[in-house]
Amino acid sequence: MTLFAGHDLACRRGERLVFAGLSFGVAAGAALLLRGPNGSGKSSLLRCMAGLLAPIAGTQTWNDRPIALDADAHRGRLRYLGHQDAVKPALTVLENLALWQQLHGLRDDAAIGRALAGLGLGRLAGLPARLLSAGQRRRVALARLLASPAPLWLLDEPTTALDDDGIACFARMVADHRAAGGLVVLSSHGDPGVAGEVLALAEFASPPETES
Amino acid sequence: MTAFLALVRRDLQLAMRQGSDAALVLIFYLLAVLLFPFGVGPESNILARISTGVLWVTALLAALLAIERLFVSEYEDGSLDQLALLPLPLSLVVLAKVLAHWLLTGLPLTLLAPFLAIALGMDEAGYPVLVLALALGTPTLSLIGGLGAALTLGARRGGALLALLVLPLYIPALIFGVAAVDASLSGLAATPHLAILAALLLAAIPLCPWATAAALRQALE
């Protein structure tokens, strides 16, 4: 059954209509892969789903209830990962994870331990994040998803800068998340190691002169 | 509430770790105030007469100097997205960041002021009211400055634009802050002026974070 869905969404960036008439549905335990060339609106769609960007048309629903009716609840059940890692260089890996957990109103050291182990960060836990490589910072950002769990993951090119082992770790954490009934929407150019329904954004691109 | 305090603590911790602008602001304040005896001349009665104004105007400029970068690093490293998605309302996120910022800059400025007042030869009767007025006024400056910082986020030459936006809004706090100290120096009651400063602060506490949050959402779109 479809848990998270969007109907007839349209999004505008500046003067340009990025996509229109876009609908999607994600069931519990399912993954939705956003595909499309640069500028086709993958990031915009993910930001719409997260509520960071307001679509100019269409509705999104969770469990058949429009998410706009309860934006707070929607924020609480999603975790968004954008292009930037949001990792503070001055804090250690462990502090970075603990911080976001606290900000989400949680306190669960075991979950942080699992997150560090799940992404192979165990040895780096006490290191200031400014010493990390781009791939390691990305791992910390992904570990945040495990340290403060939520059912809906919105991931914008999550495997950027990851090595093969990192991609394997990511595939494993997504599989575990889905096995527990979690939802994943992700955009990717390469192979993220995740199988799922594909949404090709190029189909919803609007020709330049349709809208005025 | 725990999330609010965690955010304040985080900002303080980050500032301590990476040596924030806070120390620079205090040094700026010190130097700017100490320039006046050189510029105006060492004649103590002139210095004493302008001391209140000097201390307030430089405090205002120092506050402006520091607030510009309030959201820049959050914006650049993607943390602002994450902050906007917290269960905590964005306006409270803003309030927490402004509070941390005030603890790092406004509070030390307030505590430093009486020592600079000595250097300017201000009559010591004015010290308590000077500290009190700055304690009530600088949080308002931080709150208004935060709004300006959010509005200029992502703009080129944000700093100059920020000054244009924010300095006019600082005028009420300046007027009543100076009036309070002058009143106490001439033996009049400072309470009415302090009450107005407090009223400005009470108005700024709900209004500025709310408007700042709206500006931040705009910046995130």
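Notes on the structure follow. (Residues numbered from 1 in each chain as written. Chains lettered and ligands numbered in written order. Predicted model: local features only at pLDDT ≥ 70, side-chain atom pairs only at ≥ 80, totals over all residues.)

1. Remarks on the overall build of chain A
Thinking step 1. The number of helices and strands found in chain A is 6 helices and 9 strands.
Thinking step 2. For a compact globule of 212 residues, the expected C-alpha radius of gyration is about 17 Å, and chain A comes in at 17 Å, within 12% of that figure.
Thinking step 3. Overall size of chain A, expressed as C-alpha extent along the three principal axes, is 55 × 30 × 30 Å.
Thinking step 4. By residue count, 46% of the 212 residues in chain A fall in the buried class.
Thinking step 5. Within chain A, counting contacts between residues at least 6 apart in sequence, those at least 24 apart form 73% of the total. (Helix = DSSP H or I, 4+ residues; strand = E, 2+ residues; numbered from the N terminus. Rg over C-alpha atoms; globule rule 2.2 N^0.38 Å. Buried ≥ 20, exposed ≤ 12 C-beta atoms within 10 Å, placed from the backbone. Contact = placed C-beta atoms within 7 Å.)

2. Here's the deal with the sheet that holds strand β5 (residues 65-66) of chain A
Residues and elements named next belong to chain A.
Thinking step 1. Spatially, 4 strands are ordered β2-β1-β4-β5 in an open sheet, and the strand pairing comes out antiparallel. Each edge of the open sheet is held by one strand with a lone partner, namely β2 (16-27) and β5.
Thinking step 2. Across 5 bridges, the pairing between strand β1 (residues 2-13) and strand β4 (residues 57-62) is antiparallel. Counted as the bridge partner of Ala10 is Ala57 from β4.
Thinking step 3. Across the sheet, helix α1 (residues 42-50) lies against β1, β2 and β4, angled at about 120 degrees from β1, the strand it touches most. (Pairing = 2+ DSSP bridges. Axes fitted to C-alpha atoms, helices over the stretch in contact; angles between N-to-C directions.)

3. Observations concerning helix α5 (residues 134-147) of chain A
All names here are of chain A.
Thinking step 1. Between the first and last C-alpha of α5 there are 20 Å, a value that for 14 residues agrees with the 20 Å anticipated at 1.5 Å per step.
Thinking step 2. Looking at α5, one finds that the buried residues are Gln136, Arg137, Arg138, Arg139, Val140, Ala141, Leu142, Ala143, Arg144, Leu145, Leu146 and Ala147.
Thinking step 3. Buried-residue contacts for α5 involve β6 (78-81), α3 (93-103), α4 (109-118), β7 (152-156) and α6 (164-179). (Expected span 1.5 Å × (residues − 1).)

4. Digging into unusual backbone geometry
Residue and element names in this part refer to chain A.
Thinking step 1. Backbone geometry at Glu157 places phi at a positive 45 degrees, although glycine is not the residue there.
Thinking step 2. Even without being a glycine, Ala161 presents a positive backbone phi close to 75 degrees.
Thinking step 3. Under the C-beta neighbour-count criterion, Ala161 is labelled partly exposed, with 15 such atoms within 10 Å.

5. Concerning the environment of Asp165 of chain A
Thinking step 1. Relative to the assigned elements, Asp165 of chain A resides in helix α6.
Thinking step 2. Taking the C-alpha atoms as reference points, Asp165 of chain A and Gly135 of chain A, separated by 30 residues in sequence, lie 11 Å from one another.

6. Thoughts on the pairing of β7 of chain A
Along a regular strand, successive side chains alternate from one face of the sheet to the other.
All names here are of chain A.
Thinking step 1. Extensive coverage of β7 is indicated by the burial of 5 of its 5 residues.
Thinking step 2. Burial along β7 is two-sided: the residues Leu152, Leu154 and Asp156 and Trp153 and Leu155 are all buried.
Thinking step 3. As paired elements, β6 and β7 share 4 bridges and run parallel to each other. The residue of β7 that forms the bridge with Tyr80 is Leu154.
Thinking step 4. The handedness of the β7 to strand β8 (residues 183-187) crossover, carried by α6, is right-handed. (Right-handed = clockwise from strand over helix to strand, strands pointing away.)

7. As for the interface of chain A and chain B
Thinking step 1. At the junction of the two partners, chain A supplies 20 residues and chain B supplies 19 residues.
Thinking step 2. Going through the elements one at a time, α2 (71-77) and α3 of chain A are the ones with two or more residues in the side of chain A that touches chain B.
Thinking step 3. Counted by class, the side of chain A that touches chain B contains 9 nonpolar, 7 polar and 4 charged residues. (Nonpolar A, V, L, I, M, F, W, Y, C, P; charged D, E, K, R; others polar.)

8. A short note on the environment of Ile171 of chain B
Thinking step 1. Relative to the helices and strands, Ile171 of chain B is located in helix α9 (residues 158-185).
Thinking step 2. For Ile171 of chain B and Leu141 of chain B, which are 30 residues apart along the polypeptide, the C-alpha to C-alpha distance reads 9.9 Å.

9. Let's talk about the nonpolar core
Burial of nonpolar side chains together is a common tendency in soluble globular proteins.
Thinking step 1. Within the largest apolar cluster, 138 residues are counted, with the highest numbers of intra-cluster contacts made by Ala143, Leu154 and Val185 of chain A together with Ala59 of chain B.
Thinking step 2. Broken down by element, the residue count for this core peaks at 12 residues, all from helix α8 (residues 127-151) of chain B.
Thinking step 3. Apart from the residues lying within four places of it in its own chain, the contact partners of Ala59 of chain B are Tyr29, Leu109, Ala113, Leu134 and Thr138 of chain B. (Core = buried A, V, L, I, M, F, W, Y, C linked by C-beta atoms within 7 Å.)

10. What about helix α2 (residues 21-40) of chain B?
Residue and element names in this part refer to chain B.
Thinking step 1. Taking 1.5 Å of rise per residue, 20 residues should cover 28 Å, and α2 covers 29 Å from first to last C-alpha, within 8% of that figure.
Thinking step 2. Among the residues making up α2, those that are buried are Ala22, Val25, Tyr29, Val33 and Phe36. Buried residues along α2 cover an arc of 60 degrees about the axis, so they all sit on one side. The exposed residues of α2 that point more than 90 degrees off its buried face are Ile27, Leu31, Leu35, Phe38 and Gly39.
Thinking step 3. The inward-facing, buried residues of α2 abut α1 (2-17), α3 (44-67), α6 (90-104) and α7 (106-119).
Thinking step 4. Just downstream of α2, Gly41 is the residue with a positive phi angle, here 100 degrees. (Arc of directions from axis to C-beta.)

11. Brief notes about the sheet that holds β7 of chain A
Residue and element names in this part refer to chain A.
Thinking step 1. Spatially, 5 strands are ordered β6-β7-β8-β3-β9 in an open sheet, and the strand pairing comes out parallel. In this open sheet, the two strands that pair with only one neighbour each are β6 and β9 (197-200). Here the average twist between neighbouring strands, direction ignored, is 15 degrees.
Thinking step 2. Of the strands in this sheet, β3 (31-35), β7 and β8 touch α6, which is tilted by about 145 degrees from β8.

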